[in-house]
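# Examining the three-dimensional arrangement
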Amino acid sequence: MSHETPSSTATAAHTDVPANGSAAGNGNGDAFENLSHENRKFAPSAEFAANAVVTAADYAEADADRPAFWARQARELLTWSKDFTETLDWSNPPFAKWFVGGEVNAAYNALDRHVENGLGDRVAIYFEGEPGDTRTYTYAQLTDEVKKAANAFESLGVVKGDRVAVYLPMIPEAVITLLACARIGAIHSVVFGGFSADALRSRVDDAEAKLVVTADGTYRRGKPSALKTAVDEALSQAGHTVQNVVVVKRNGQDVDWHEGRDHWWADTVDAASPDHAAVGHDSEHPLFILYTSGTTGKPKGILHTTGGYLTQTAYTHKAVFDLHPETDVYWCTADVGWVTGHSYVAYAPLINGATQVMYEGTPDSPHQGRWWEIVEKYKVSILYTAPTAIRTFMKWGKEIPAKFDLSSIRVLGSVGEPINPEAWMWYRDVIGANAGKNGEKKENPAPIVDTWWQTETGAQMIAPLPGVTATKPGSAQVPLPGIAVDVVDELGESVPNGHGGFLVIREPWPAMLRGIWGDPERFKETYWSRFETMYFAGDGAKKDDDGDVWLLGRVDDVMNISGHRLSTAEIESALVSHPAVAEAAVVGAADETTGQAVVAFVILREDATDSGDEIVQELRNHVGKEIGPIAKPKTILVVPELPKTRSGKIMRRLLKDVAEGREVGDATTLADNTVMSQIAQSLRK
Ligand code: PRX
């Protein structure tokens, strides 16, 4: 796979990826189709290439000596309190150690050193609240806030190595909390605010968190919505390890108060001293845990450590977005509850001294042009978002962004799910080429960088470099310098160009997960057993005739709903925990806007009294309560039977055919071959 992208026409080829890894099954059908005729390519303009911060020389350097390349990045991008003595220790795979012996403080690197270097007055965060309130933090101000929070958390008994659960909306306190934890060596575990009390409790318990940081609530579509109630509910049953809860006052709604346990942010953090000395932590000191869905019902606590994670997030942020920190205004729309909000909101932009926008709310509050209004207002030059958002904007119509001046935009990023070529072209034409609200078009639209990575990889792994690569609609294209990605067949053999298979990573990378919290066996089993010496990503992929990589979606039972990762097993177990449900099977069905949508097939218990719309509504709410609103099935179908093999395994592939309105595929291995017609019949009713 070369980063040079000679022009040629890609051809579709056979794929040996299992059925649900094919594009037809991942909600991105046209990406696969277009693979057969996608020959559009957009080379960087001469001007962009000439000013790019990273050139093709990085590929050559990394190819020549991968560890040396990363060692240089680590030393250039970070200020180490103690230099490392060994770049990579891979003597005990799959347990890697990067930058061995080095000591580094993430918060010092994100904040103090910029102030020491005379950048204290540079804006770190422009915050835009959903109701329209705004706050600006310079690097000097943000440094003070983080020092205060570090002092406050320490005064509540938090020490290095303790876990802190964070359940916050997209407000500056989220970034402040993460960096304060990192500063004192506490391990943060962010739980997305859209997860339920039950989901929060199971994550608090698994990590044995000592402190929870939350807010009274936030704003959603113009209305206040609660957060602290979920924390109260999660902690209502005894047996947890939480000693204190710090509460940010965000929307001012009434909250229950637990004297002795609960503390207002204003009384603890705001009142704390702004003097706090950062000490270096070991390069391999845990930085955070972030839970993500796997193929079983129990979410995995993905563990990341300090030196390698900071190095690769900072390098990729600079290289992939062509960051010019003195002039760029960067906006990543991801919530801090997901890995993108960790790597590319809380850490990399600040490590790199960038100015960023942070927005609390939804794209349609109070109107469907809100994002574009924000871009215009802050002159955003780098925008990083998910295909599901782009497809939603497409649905709303190009007239909306056309009303705003988006001429400041010079790089557009995509992440989280495959971006179909239509959405890619719309992003380019409607957003990237907007040269002002009078409808003028740019001669050279902003390059689009489609970035493939995962919670587990910690940082971007496959993406074009905007000043180097000729970009191709729908393809993430090439592994980044220093990253060894491949597509292999069932046996682990590299597939030739034009063929598909499984995406793997052949060599350790700095930001790689270091394990699953408390479960080293599961770590080996999940990622390192399918192919012995390679990391198995769980994604299907193809190489086209240029050698460019196309991501085709998951090959396991993980779904991708609006770029959010959910497991079929998790939702199934939520459904069967309802007294009316005997059995449940969940599939991710192709959806035009959200990529995939959750479709559940349930068999009700014989004694269930209700089988109509009411039970469907009740089950949706039940899943919402068990996991969170994001997991609510879009469709629930009550069926008499589920298709199973003789060994009792549910054949989700057939259910997916039904959910996507296709003719049902090969059903010969079913124990009872009348099941599919029974299902079809029940759905016709
Ligand atoms: O299937 C891939 C998809 O998202 C999965 C990782 O999800 P998560 O850990 O939640 O991280 C999302 C943000 C990094 C991957 O296994 N995915 C992510 N980015 C892309 C993608 N699929 C296609 N193209 C992408 N650019």
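Keep in mind that what you see is a predicted model, and the values were worked out from it rather than measured. (Residues numbered from 1 in each chain as written. Predicted model: local features only at pLDDT ≥ 70, side-chain atom pairs only at ≥ 80, totals over all residues. Heavy atoms only, no water.)

Applying the stated criterion to the full structure yields 47 salt bridges. Here Arg 370 makes a salt bridge to Glu 373, at a shortest N to O gap of 3.9 Å. Of the two residues, Arg 370 and Glu 373 both sit in helix H13 (residues 370–378), 3 residues apart, roughly one turn of that helix. Assessed through its relative accessible area of 3%, Arg 370 is described here as buried. The partly exposed category is assigned to Glu 373, whose relative accessible area is 31%. One continuous salt-bridge network, built from bridges that share partners, spans Lys 41, Lys 472, Asp 544, Asp 546 and Asp 548. (Salt bridge = Lys/Arg side-chain N within 4 Å of Asp/Glu carboxyl O. Helix = DSSP H or I, 4+ residues; strand = E, 2+ residues; numbered from the N terminus. Buried < 20%, exposed > 50% of the residue type's maximum accessible area, 1.4 Å probe, protein only.)

Below, the discussion takes up the sheet that holds strand S25 (residues 549–554). Pairing in this open sheet of 4 strands is antiparallel, and the strands run S21-S22-S24-S25 from one edge to the other. Two strands in the sheet have a free side with no partner beyond their single neighbour: strand S21 (485–488) and S25. This sheet shows a mean twist of 45 degrees between the axes of neighbouring strands, independent of strand direction. Sheet topology places strand S22 (residues 500–505) next to strand S24 (residues 535–543); 5 bridges connect them, and they run antiparallel. Residue pairing in the sheet places Val 504 in a bridge with Phe 536 of S24. (Pairing = 2+ DSSP bridges. Axes fitted to C-alpha atoms, helices over the stretch in contact; angles between N-to-C directions.)

Spatially, 7 strands are ordered S5-S4-S17-S16-S18-S19-S20 in an open sheet, and the strand pairing comes out mixed. Either end of the sheet is taken by a strand with one partner, and the two such strands are strand S5 (134–138) and strand S20 (448–451). For this sheet, the mean inter-axis angle between neighbouring strands, taken without regard to orientation, is 15 degrees. Where strand S4 (residues 123–128) lies against strand S17 (residues 355–359), 4 bridges are found, and the strand directions are parallel. For Ile 125, the partnering residue across the bridge sits in S17 and is Gln 356. Of the strands in this sheet, S4 and S5 touch helix H6 (residues 139–155), which is tilted by about 90 degrees from S5. Each of S4, S5 and S17 touches helix H7 (residues 172–184); the most contacted strand, S5, lies at about 30 degrees to it. (Contact = heavy atoms within 4.5 Å.)

A few words on the packing of aromatic side chains. As enumerated under the stated definition, the model contains 36 aromatic pairs in all. Summarising the aromatic geometry, the rings of Phe 69 and Tyr 315 are spaced 5.4 Å apart at their centres and angled 90 degrees between planes, so their arrangement reads as edge-to-face. Within this pair, whereas Phe 69 is found in helix H4 (residues 66–77), its partner Tyr 315 is found in helix H11 (residues 307–320), the two being separated by 246 residues in sequence. For the pair Phe 69 and Tyr 315, a shared accessibility class is recorded, and that class is buried. (Phe/Tyr/Trp six-rings, centres within 6.5 Å; stacked < 30°, edge-to-face > 60°.)

A word on the nonpolar core. Counting residues in hydrophobic clusters, the biggest one holds 158 residues, and the most contacted among them are Phe 153, Tyr 347, Leu 503, Ile 571 and Leu 575. Dropping the residues within four chain positions of it, Ile 571 is found in contact with Met 559, Leu 566, Val 586, Val 598, Val 623, Ile 627, Ala 631 and Pro 633. Counting residues in each nonpolar core, the second largest holds 30 residues, with Val 357, Phe 393, Trp 426 and Tyr 427 among its members. (Core = buried A, V, L, I, M, F, W, Y, C linked by side-chain atoms within 4.5 Å.)

The next subject is the site of the ligand. Taken together, 17 residues lie near the ligand, and Asp 450, Thr 451, Thr 455, Asp 539 and Arg 565 sit nearest. Within the side chain of Asp 450, a nitrogen or oxygen atom sits 2.8 Å from a nitrogen atom of the ligand. At a separation of 2.7 Å, a nitrogen atom of the ligand approaches a polar backbone atom of Thr 451. Isolated, the ligand exposes 540 Å² of accessible area, and the fraction of that covered by the protein chains is 96%. Among the secondary structure elements, those contributing two or more residues to the shell around the ligand are helix H12 (339–351), S20 and S25. Looking at the shell around the ligand residue by residue, the classes come out as 6 nonpolar, 6 polar and 5 charged. (Near = heavy atom within 4 Å. Polar contact = N/O pair within 3.5 Å; in protein donor to acceptor, adjacent residues only side chain to side chain. Areas by Shrake-Rupley, 256 points an atom, 1.4 Å probe, with all protein chains shown as cover. Nonpolar A, V, L, I, M, F, W, Y, C, P; charged D, E, K, R; others polar.)

With 94% of its residues at a pLDDT of at least 70, the protein chain reaches an overall mean of 92. Low pLDDT, under 50, characterises residues 1–37; the predicted model gives this stretch 108 contacts beyond four residues in sequence or across chains. (pLDDT = per-residue confidence, 0-100.)

What follows deals with the environment of Val 213. Here Val 213 is to be found in strand S8 (residues 211–215). Sequence-wise, Val 213 and Trp 265 are 52 residues apart; in three dimensions their C-alpha atoms are separated by 8.8 Å.

The geometry of helix H14 (residues 387–396) relative to helix H16 (residues 421–432) is characterised by a closest axis approach of 10 Å and an angle of 70 degrees between their N-to-C directions. Taken together, H14 and H16 sit at an angle that is classed as roughly perpendicular. Contacts between H14 and H16 involve Ile 390, Arg 391, Phe 393 and Met 394 from the former and Glu 422, Ala 423, Trp 426 and Tyr 427 from the latter. Residue classes in the contact of H14 with H16 are distributed as 6 nonpolar, no polar and 2 charged. (Parallel < 35°, antiparallel > 145°, perpendicular 65-115°, else oblique.)

Here Ser 189 lies in strand S7 (residues 187–190). Note on Ser 189: relative accessible area 3%, which makes it buried. Other than its neighbours up to four places away in sequence, Ser 189 contacts Val 164, Ala 165, Val 166, Ile 289 and Tyr 291.

We now examine H16. Counted residue by residue, H16 has 10 buried out of 12 residues, so it is predominantly covered. Along H16, the residues that are buried comprise Pro 421, Ala 423, Trp 424, Met 425, Trp 426, Tyr 427, Arg 428, Val 430, Ile 431 and Gly 432.

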